[in-house]
Amino acid sequence: MVEKYICSFCGEQLEPGTGKLFVRKDGAVFYFCSSKCQSNYKLRRVPRRVEWTAAGRKARGKE
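The present account deals with the structure reproduced in this document. (Residues numbered from 1 in each chain as written. Predicted model: local features only at pLDDT ≥ 70, side-chain atom pairs only at ≥ 80, totals over all residues. Heavy atoms only, no water.)

### Overview of the pairing of strand E2 (residues 29–32)
Part 1 of the argument: Here E2 shows a clear split, with Phe30 and Phe32 buried on one side and none of Val29 and Tyr31 buried on the other.
Part 2 of the argument: As paired elements, strand E1 (residues 20–23) and E2 share four bridges and run antiparallel to each other. Each bridged residue has a counterpart across the sheet, and for Val23 the counterpart in E2 is Val29.
Part 3 of the argument: What sits between the antiparallel neighbours E1 and E2 is a turn of five residues, in which Gly27 has the positive phi angle 95°. (Buried < 20%, exposed > 50% of the residue type's maximum accessible area, 1.4 Å probe, protein only. Helix = DSSP H or I, 4+ residues; strand = E, 2+ residues; numbered from the N terminus. Pairing = 2+ DSSP bridges.)

### What to know about the nonpolar core
Part 1 of the argument: Counting seven residues, the largest nonpolar core consists of Cys7, Phe9, Cys10, Phe30, Phe32, Cys37 and Val50.
Part 2 of the argument: The contact partners of Phe9, leaving out residues within four places of it in the chain, are Tyr31, Phe32, Cys37, Asn40, Tyr41, Arg45, Pro47, Val50, Trp52 and Thr53. (Core = buried A, V, L, I, M, F, W, Y, C linked by side-chain atoms within 4.5 Å. Contact = heavy atoms within 4.5 Å.)

### What about the state of the cysteines?
Part 1 of the argument: Scanning all chains against the criterion turns up zero disulfides.
Part 2 of the argument: The thiol of Cys10 is not disulfide-bonded; the next cysteine sulfur, from Cys33, is found 3.6 Å away.
Part 3 of the argument: A relative accessible area of 5% means that Cys10 is categorised as buried. (Disulfide = S-S within 2.5 Å.)

### Topic: the environment of Cys7
Part 1 of the argument: Relative to the helices and strands, Cys7 resides in the segment before E1.
Part 2 of the argument: Among all residues touching Cys7, those that are not within four sequence positions of it are Glu12, Leu14, Tyr31, Phe32, Cys33 and Cys37.

Next comes the structure, spelled out in structure tokens:
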């Protein structure tokens, strides 16, 4: 059984064999579906404030 991961920034489900894995020095593991999500994470953007993320849509009452 292949594990399915969720993007740590936007909340989309990742297809097996795609995306990027990022491990911080403290051992925290992050999965990103694209370089767009990884770049926004590196810029320290909050997913709730970004309109196209699942958390952003939920914060605005769209989902």
